[in-house]
Amino acid sequence: RLDFTMASSAVLFSTSLVLCLHAAPARGPSCLGRKGVVTRANHLDEPRRSPRRTRRAFGVGLASAIGLAAARRQAMAAYDIKPDLTPDSTKYDAQDTDLYEASQLLQKALNAEVVTEEERLWTEVISKYSGTDKAWTSDIVGRAYGNRGNARARQGKLQAALEDYDTSIAMCPWAVDPVLNRGVALEALGRYEEAIEAYSAVLKAQPNDPAGWNNLGNANMALGRYADAVTFYGKASQLAPEFSFAQANQALAIYATGDKNGASRKMRALLRRYPDFDDMRAALVASLWSQGLLDNAEQEWLRVADERYNDVNWLRKERRWPQPLLDDMRGFLRK
């Protein structure tokens, strides 16, 4: 059963370094639809139990304290992602025992089952290897900062997460993931215009990134720019037809533009593919009620298992339904 608890997709900072050196399994961003988190490895899978915002995990060149601070200020002044600066990890010395130990610790952090333990392990990577002067230092430590930002964001430590993303961006100017994840944190803080700036930078560097388009739709939806959101969600869906969360978000945006029939058709199409998609079924309930089809709405409501859809405050603050749909759900619940 699908579960939405956040607003945009976040992703794990790429684990390709570990894969290259030791053939360890990757753990990419997990797809969260409009308010969830997406890891690069699975954010295009069919719906699964996860939030609706997309955040990505990442894993920087070593710099002095002064140099890093300057780089961070420059990175924040205007996102300037430079994929051509991506380091070639195949040139790292695979016989370097420090590199082996660092990559093993990186993988251990990725596999942590408890977020507090994950944060602790990322901090250990940062503390242990920030002072080393190796070709791979910035790569490993930068990933650690980016992924610690994700762990902190999941615990609601948004300001601390932003600081980690800033450091990761400064150390890894080639990476889109910490920029995208920074946008997710900004969105959670209600700083939507700044989030849009981050997502736009991601899409400038990677125009075919579905998570970037989905999150851009989220931020525009929050600002009431529903027509724009429809376009952006549509782009995400076009690039990744199996990215069901983007399609669900687009259905909500279509509804908010006033096209209730078009939105209902899209909701029903998604429910035929994913009968347990509570978000779409609850949205359909609101739509049916608004059209005076109370009996139909009641029948669909009986199939909504997630009790959170009884809570308008949750729908507004956590799921972030658009206001027109939220108003209709409130009407149904008060009937």
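Just so it is clear, the model here is predicted, and its values are computed rather than measured. (Residues numbered from 1 in each chain as written. Predicted model: local features only at pLDDT ≥ 70, side-chain atom pairs only at ≥ 80, totals over all residues. Heavy atoms only, no water.)

Attention now moves to the side chain of N214. Positionally, N214 belongs in helix 9 (residues 210-222). Residue classification places N214 among the buried residues on the basis of a relative accessible area of 0%. (Helix = DSSP H or I, 4+ residues; strand = E, 2+ residues; numbered from the N terminus. Buried < 20%, exposed > 50% of the residue type's maximum accessible area, 1.4 Å probe, protein only.)

Moving on: the confidence of the model for the chain. Per-residue confidence for the chain gives a mean pLDDT of 83, with 78% of residues at or over 70. Contacts from residues 15-52, a stretch scored under 50 in pLDDT, to residues over four places away or in other chains number 194 contacts. (pLDDT = per-residue confidence, 0-100. Contact = heavy atoms within 4.5 Å.)

Turning our eyes to something else, we now look at the packing of helix 4 (residues 115-129) against helix 5 (residues 137-154). It is at 9 Å that the axes of helix 4 and helix 5 come closest, and there the two elements cross at 155°. What the angle tells us is that helix 4 and helix 5 run roughly antiparallel. In this structure, the crossing between helix 4 and helix 5 has a hand that is left-handed. Along the contact surface, helix 4 presents V115, E118, E119, W122, T123, V125, I126 and Y129, while helix 5 presents T137, I140, V141, A144, Y145, N147, R148, A151, R152 and R154. Of the residues belonging to the contact of helix 4 with helix 5, the class tally is 10 nonpolar, 3 polar and 5 charged. (Axes fitted to C-alpha atoms, helices over the stretch in contact; angles between N-to-C directions. Parallel < 35°, antiparallel > 145°, perpendicular 65-115°, else oblique. Left-handed = near helix turned anticlockwise from the far one by under 90°. Nonpolar A, V, L, I, M, F, W, Y, C, P; charged D, E, K, R; others polar.)

With that settled, the discussion passes to the pattern of salt bridges. Under the defined criterion, the tally for this structure stands at 20 salt bridges. In this structure, D164 and R152 form a salt bridge, with 3.1 Å as the shortest nitrogen-oxygen distance. Taken together, the residues span a long stretch of sequence, with D164 in helix 6 (residues 158-171) and R152 in helix 5 at a distance of 12 residues. Taken individually, D164 and R152 each receive the classification buried, so the pair is uniform in this respect. Among the ionic pairs, R320 bridges to E187, the shortest N-O distance being 3.6 Å. One end of the pair, R320, is in the loop between helix 15 (312-319) and helix 16 (323-334); the other, E187, is in helix 7 (residues 177-188), and 133 residues separate them in sequence. By the burial criterion, R320 is buried, and E187 matches it. (Salt bridge = Lys/Arg side-chain N within 4 Å of Asp/Glu carboxyl O.)

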